[in-house]
Amino acid sequence: MDAAKSVMPGAVAHILAHPSPAEGAEVPELVVQVVDLKPIGTRFSFTASDGKDKIKAMLPTQFATEVRNGNLQNLGLIRILDYTCNSILNKDKVLIIAKCEAVAQALDAEISSEAKKEEEPAIVLKPRDEGMDVCKPKDDGMDVCKTVNAAPVVLKPKQEVKSASQIVNEQRGNAAPAARLSMTRRVHPLISLNPYQGNWIIKVRVTSKGNLRNYKNARGEGCVFNVELTDEDGTQIQATMFNEAAKKFYPMFELGKVYYVSKGSLRIANKQFKTVKNDYEMTLNENAVVEEAEGETFIPQVQYNFVKIDQLGPYVGGRELVDIVGVVQSVSPTLSVRRKADNETIPKRDIVVADDSGKTVSVSLWNDLATTTGQELLDMVDSSPVIAIRSLRVSDFQGVSLSTVGKSTLLVNPDLPEAQNLKSWYDSEGKGTSMAPIGADMGTARTGGLRSMYSDRVFLSHITSDPNMGQEKPVSFSLNAIISHIKPDQNMWYRACKACNKKVTEAVGGGYWCEGCNKNDDECSLRYIMVIKVSDPTGEAWVSVFNEHAEKILGCSAEELDRIRKEEGDDSYTQKLKEATWVPHLFRVNVVQHEYMNERRQRITVRNEALVDYAAESKYLLEEIAKLTAC
């Protein structure tokens, strides 16, 4: 067999001898064959074989894509770059692959060792010389006996087969005391943890620390706080503590320090509220062990997912937090804001940042970020510092704005490639570029936030199949639907007051009377109030549309449509309505029950509308497909 396509003899034995590579140690050439590759939930398991020995192995979630793409195949060869060897229920050994690379595609067959062991001499047991009498019955019932010589019996020595645990115990017994201690207290990478694992110890840095907050629910009152922990590979996990554990560990965990953590529990992360990219989340109770790793200086690679300022629209109003990198344009003084929930006064400071998309956005800094880091930015704003901020909430205030949360972090002039590139762009051309706030071009029709178009997305059948929907309170959904019909003979508009937009009536003697303003006016305006039929693959429904959204749908004001009907005739008027049909739109709708002719009916009202942005829609669909694939 080609040496380039062969396993490394003794690879499994080396793995068992070194359950986890020592810090800074170079992993030798560990090439094994993937045997019996199969999915287990979102991961894949297989048997790692070096042709002589085998061990059960597990691939982390991120390798699922490599398997599905065919880059990593059954009977193929992989080179193990980083790993850990865990005991499941303190019995069986399982190899957890942290990093690997494919060496060869699927081979024709499983590799087996060609080296023949030197066999020990067999023990031969010969029968007695006189032979053995053998009797056979005859047809007439008489037995006929004769003597035959029995064949010699060969007893081969029993081959000794050692289990993985025996090998490890022998190695531990022969090791020096310091080495045995290292094996006993072995640090596990975060990527290797799972809920079914026994004892483990992790070494992590606190990269985000939330506030200790009180809560009250049906089960009682308590307190909770969480931290984000990052190991030296850059893998992150969120750890949450409640009540006594929260009070115990809140003063112990300090942002930026390194700790050994053990005796925690893991569970599947709730992806609806998850902000850390990990399949699991950790819970620490009062029995967990947290020890500061004094003198540790490893710097984990902070994982950023930067979003350009002009791409923030789809995140408005969503649960997903974003990271940005930008150049500080202005910094406001500190303000004191009274919080409605508990009437507490907290500090706030607004800054404006820009990036090479040519847009700016306002970022609200709260609490310590407003008083400490905010003051630092105020002192150096003239030098246009570059900042990187993690975990920002995107809201629809002034179109689009950002706000820090308890877990947000801010770095000034960070040593990041994105920050350096942005600084070079700003110094060379950005400083003289005219920039506009991202919210300025979103329009009043989109004030509700573009992200709302991608949250709570349903089909029409979800609404129309439930006649009681919206009975207790209005509910909101987003739709992707086509306008299939606009009735030309409906009352398309009403006469409105130019001051307050309320309906007016013709006054006696001329003019129009407004009840809201309590006055008469010579003129009025026309405002749309129409119904349209929308359709999607599951059905159709009539929805109500008001002025601003109707103008966007029809492409003209009510006054203009009235002029077309009066001056150009019904044909031009009907043609104008037809031009707006069979066009796909994104709708944000409210569903509520109302009474009509003593009968309760469901009313669907458009609250927001936008043409389909196919790039954003494709991104949304890919995210939904990924969720289905992960289940």
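Residues numbered from 1 in each chain as written. Predicted model: local features only at pLDDT ≥ 70, side-chain atom pairs only at ≥ 80, totals over all residues. Heavy atoms only, no water.

The protein is annotated in an unreviewed UniProt entry as Replication protein A subunit from Urochloa decumbens. Heading Function (unreviewed entry) of the UniProt record for the protein holds this comment: "Component of the replication protein A complex (RPA) required for DNA recombination, repair and replication. The activity of RPA is mediated by single-stranded DNA binding and protein interactions. Probably involved in repair of double-strand DNA breaks (DSBs) induced by genotoxic stresses." The UniProt entry for the protein carries this comment under Subunit (unreviewed entry): "Heterotrimer of RPA1, RPA2 and RPA3 (canonical replication protein A complex)." (UniProt positions renumbered as here; feature names shortened; annotations may be inferred.)

Asker: What exactly am I supposed to notice about the pairing of strand β3 (residues 54-59) here?
Answerer: In summary, the side chains of a regular strand alternate between the two faces of the sheet. In the sheet, strand β2 (residues 43-49) pairs with β3 via six bridges, with the strands oriented antiparallel. When the bridges of β3 are listed, Ser49 appears paired with Lys54. The antiparallel pairing of β2 with β3 creates a hairpin that spans four residues between the two strands, and Gly51 there sits at a positive phi of about 90°. (Pairing = 2+ DSSP bridges. Helix = DSSP H or I, 4+ residues; strand = E, 2+ residues; numbered from the N terminus.)

Asker: Sorry if this is basic, but what is going on with the confidence of the model for the protein here?
Answerer: The predicted coordinates ought not to be read in detail in places where the model reports low pLDDT. For the protein, per-residue confidence averages 80 on the pLDDT scale, and 79% of positions sit at 70 or higher. The secondary structure element of the protein with the lowest average pLDDT is helix α4 (residues 177-184), at 38, and the one with the highest is strand β30 (residues 525-536), at 94. Note on residues 156-168: pLDDT under 50 across the span, and 13 contacts to partners over four residues away in sequence or across chains. (pLDDT = per-residue confidence, 0-100. Contact = heavy atoms within 4.5 Å.)

Asker: Sorry, what's going on with the nonpolar core here?
Answerer: Note that soluble globular proteins tend to have their nonpolar side chains buried in a common cluster. Ile463, Met492, Tyr528, Ile532, Leu554, Leu561 and Phe587 are the most contacted members of the largest nonpolar core, which totals 33 residues. Broken down by element, the residue count for this core peaks at five residues, all from β30. Not counting chain neighbours up to four residues away, the residues in contact with Leu561 comprise Met492, Trp493, Tyr528, Leu554, Cys556, Tyr573, Lys576 and Leu577. Listed in part, the 26 residues of the second largest apolar core include Val361, Ala370, Leu392 and Val394. (Core = buried A, V, L, I, M, F, W, Y, C linked by side-chain atoms within 4.5 Å. Buried < 20%, exposed > 50% of the residue type's maximum accessible area, 1.4 Å probe, protein only.)

Asker: What should I look at first to understand the environment of Tyr215 in this one?
Answerer: Counting through the fold element by element, Tyr215 comes out in strand β11 (residues 213-217). Taking C-alpha positions, Tyr215 is 10.0 Å from Asn243, a pair spaced 28 residues apart along the chain. In this structure, Tyr215 is in contact with Gly220, Glu221, Gly222, Cys223, Val224, Phe242 and Asn243, ignoring residues within four places of it in sequence.

Asker: Is there a simple way to think about the side chain of Thr360 in this case?
Answerer: Counting through the fold element by element, Thr360 comes out in strand β21 (residues 359-366). Excluding residues within four positions of it along the chain, Thr360 makes contact with Ile309, Val352, Val353, Ala354, Met435, Ala436, Pro437 and Ile438.

Asker: Would you mind showing me how to read unusual backbone geometry here?
Answerer: Outside of glycine, negative phi angles account for most residues, and trans bonds account for most peptide bonds. With a phi angle near 50°, Asn243 is a residue other than glycine that sits in the positive phi range. Take Asn243: it is sitting in helix α5 (residues 243-249). Despite not being glycine, Asn413 has its phi angle at roughly 45°, a positive value. Take Asn413: it is sitting in the loop between β23 (401-412) and α7 (417-428).

Asker: Looking at this model, I keep getting lost on the packing of helix α10 (residues 558-568) against helix α11 (residues 570-579). Mind explaining?
Answerer: Helix-helix packing: each pair is described by the crossing angle between the helix axes and the interaxial distance. Contact geometry of α10 with α11 gives a least axis separation of 6 Å together with a crossing angle of 145°. Of the residues in α11, those touching α10 at Leu561, Ile564, Arg565 and Glu568 are Asp570, Ser572, Tyr573, Lys576 and Leu577. (Axes fitted to C-alpha atoms, helices over the stretch in contact; angles between N-to-C directions.)

Asker: How do you make sense of the pattern of salt bridges when you look at a structure like this?
Answerer: Side chains that differ in charge, positive against negative, can pair when their charged atoms come close. By the definition in use, this model includes 21 salt bridges. Two residues, Glu101 and Arg79, come together in a salt bridge whose shortest N-O distance is 2.5 Å. Placement of Glu101 in strand β5 (residues 92-104) and of Arg79 in strand β4 (residues 77-88) is noted, with a sequence separation of 22 residues between them. Ionic contacts of the salt-bridge type, sharing partners, join the residues Glu560, Arg563, Glu567 and Glu568 into one network. (Salt bridge = Lys/Arg side-chain N within 4 Å of Asp/Glu carboxyl O.)

Asker: Can you help me understand α10 in this one?
Answerer: Each full turn of the α-helix corresponds to 3.6 residues, which orients residues three or four apart in the same direction. Residues of α10 that are buried include every one of Ala558, Leu561, Asp562 and Ile564, and no others. The buried residues of α10 occupy one face: seen down the axis, they fall within an arc of 155°. Of the residues in α10, the exposed ones pointing more than 90 degrees away from the buried face are Lys566 and Glu567. In the core, the buried residues of α10 are packed alongside β26 (493-496), β30, α9 (547-554) and α11. Downstream of α10 by one or two residues, Gly569 has phi in the positive range, about 100°. (Arc of directions from axis to C-beta.)

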